[in-house]
Amino acid sequence: MAGRDRERDGEWMGMGYRWGRAWGCAGMAVAVVLVAAGPVALPASAHSGERADAVLNCAGSNSIAFSPGLTFSAKPTRITGHGDYRCVSTDPSVTAAKSVIKGGGENSCLLSHSVTEERITWNTGEQSTVVYDVGVVPQPAGEAVVLVAGKVTSGRFTGRRVASPGVQLTVDPLKCGSGGVRLIEGPSALVFS
């Protein structure tokens, strides 16, 4: 059974990667619109008494720091950051979340290849750890258009899949050529399936 779950996860992640390659900027534009629109109201018929299977969408913002700063040459980079979200869920107890983000990989101002972990603390005091290991993160001049996908590996909602589209911008893209971009900030979302 565990082998089949891994196979299914691989299929799902592969689909996300193929989707990103096939739709490129158009797909990213859709993701950006979803983030900008924020959480949507859920119809009464969507409400469920089961917390583990609750429909859950969160919108907010992320701040991500890179060490060393991003330049045009890819290099091993440490990623740290935090997120702040407002949520809409069929579980009325979930209304907000804050997160701590960490990870690393080969990154530049043009593209990112990283594995990132987001530790989410819900307004209920419970936590979830999401590991994002598939992503489409074009970064023209440090402006990141993000569509990452992963899975809740521990805590509340364990086993659920998560997509996190967003747009994080640097205030000084010229630093890609001198000194490096150390911080990007902007809207992001958590979409649980």
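Within each chain, residue numbers correspond to sequence positions counted from 1 in written order. Local features are withheld for residues below a pLDDT of 70 in this predicted model, meaning they are given only at 70 or higher, and side-chain atom pairs are given and counted only at 80 or more; totals for whole chains, interfaces and linings count all residues. Note: side-chain values were computed over all heavy atoms of the structure, leaving out hydrogens and water.

**Overview of the confidence of the model for the chain**
Quick note on the threshold: pLDDT is a per-residue confidence score from the predictor, ranging from 0 to 100. In what follows, a contact means two residues having at least one pair of non-hydrogen atoms within 4.5 Å.
Per-residue confidence for the chain averages 74 on the pLDDT scale, and 64% of its residues sit at or above 70. Long-range and interchain partners of residues 1–50, a stretch whose pLDDT sits below 50, account for 44 contacts in this model, where long-range means more than four residues apart.

**Details of the environment of I184**
Rules: A run of DSSP states H or I qualifies as a helix once it reaches four residues; a run of E qualifies as a strand once it reaches two. Both are numbered from the N-terminal end. Whether a residue is buried, partly exposed or exposed follows from its accessible area with a 1.4 Å probe, protein chains only, as a fraction of its type maximum: under 20%, in between, or over 50%, in that order.
By the secondary structure assignment, I184 is in strand β8 (residues 181–192). We classify I184 as buried; its relative accessible area is 3%.

**Regarding the packing of aromatic side chains**
Applied cut-off: Aromatic pairing here means that ring centres of Phe, Tyr or Trp (its six-membered ring) are within 6.5 Å. Orientation follows from the plane angle: under 30 degrees is stacked, over 60 is edge-to-face, and everything else is tilted.
Applying the stated rule across the entire model yields 3 aromatic pairs. The interplanar angle of 80° and the centroid separation of 5.5 Å between the aromatic rings of W122 and F157 together place this pair among those described as edge-to-face. Placement of the pair is W122 in strand β4 (residues 112–122) and F157 in the loop between β6 (144–155) and β7 (161–168), with a sequence separation of 35 residues. Taken together, a centroid distance of 5.8 Å and an interplanar angle of 55° make the contact between W122 and F192 tilted. In this pair, W122 is assigned in strand β4 and F192 in strand β8, connecting sequence segments 70 residues apart. For W122, a relative accessible area of 3% corresponds to the buried category. Of the residues examined, F192 reaches a relative accessible area of 7% and is grouped as buried.

**Overview of the state of the cysteines**
Simply put, disulfide is the name for a covalent bond between the sulfur atoms of two cysteines. In plain terms, the rule: Two cysteine sulfurs form a disulfide in these notes if their separation is within 2.5 Å.
For the structure shown, the criterion picks out 2 disulfides. Here C109 engages in a disulfide with C176; their sulfurs sit 2.1 Å apart. Torsion about the S-S bond of the C109 and C176 cystine: about -90°, corresponding to left-handed handedness. With a gap of 67 residues between them, C109 in the loop between β3 (96–107) and β4 and C176 in the loop between β7 and β8 connect regions that are remote in the sequence. Judged by relative accessible area, which is 0%, C109 ranks as buried. Given the relative accessible area of 2%, C176 is considered buried.

**Comments concerning unusual backbone geometry**
The phi angle of most residues is negative, glycine excepted, and most peptide bonds adopt the trans form. In the segment running from S67 into P68, the intervening peptide bond is cis, with an omega of -5°. Inspection of the secondary structure puts P68 in strand β1 (residues 56–70). The phi torsion at F157 lies on the positive side, around 70°, for a residue other than glycine.

**A closer look at the pattern of salt bridges**
Working definition: two side chains of opposite charge can pair if their charged atoms are close together. Here is the rule we go by: A pair is scored as a salt bridge if a Lys or Arg side-chain nitrogen falls within 4 Å of a carboxyl oxygen belonging to Asp or Glu.
Under the definition given, this model contains 4 salt bridges. Between D84 and K98 there is a salt bridge; the shortest N-O distance is 3.3 Å. Residue D84 is located in strand β2 (residues 75–89), and its partner K98 is located in strand β3; the two are separated by 14 residues in the primary sequence. Take D84: its relative accessible area is 37%, and that puts it in the partly exposed class. One salt bridge in this structure joins E126 and R156, with 2.7 Å as the shortest N-O distance. Taken together, the residues E126 in the loop between β4 and β5 (127–136) and R156 in the loop between β6 and β7 connect sequence positions 30 residues apart. Judged by its relative accessible area of 8%, R156 falls in the buried class. Each of the salt bridges in this network shares a partner with another, and the network as a whole consists of D91, E126 and R156.

**Describing the nonpolar core**
What counts here: Buried Ala, Val, Leu, Ile, Met, Phe, Trp, Tyr and Cys residues that are joined via side-chain atoms within 4.5 Å together make up what is termed a nonpolar core.
L56, C87, W122, L190 and F192 are the most contacted members of the largest nonpolar core, which has 16 residues in total. Of all the secondary-structure elements, those providing two or more residues to this core are β1, β2, β4, β5, β6 and β8. Those residues in contact with L56, other than ones at most four positions away along the chain, are C87, V88, S89, V94, W122, F157, L190, V191 and F192. One finds C109, C176, V181 and I184 within the second-largest nonpolar core, a separate group that totals 9 residues.

**Points about the pairing of β3**
Filter applied, for reference: Whether two strands pair comes down to DSSP finding at least two bridges between them.
The pairing of β2 with β3 spans 12 bridges and is antiparallel. Residue pairing for β3: D84 is matched across the bridge by K98. As paired strands, β3 and β4 are joined by 11 bridges and run antiparallel to one another. Paired with S99 across the strands is I120, a residue of β4. Hairpin geometry of β3 and β4 is characterised by an intervening segment of 4 residues between the two adjacent antiparallel strands.

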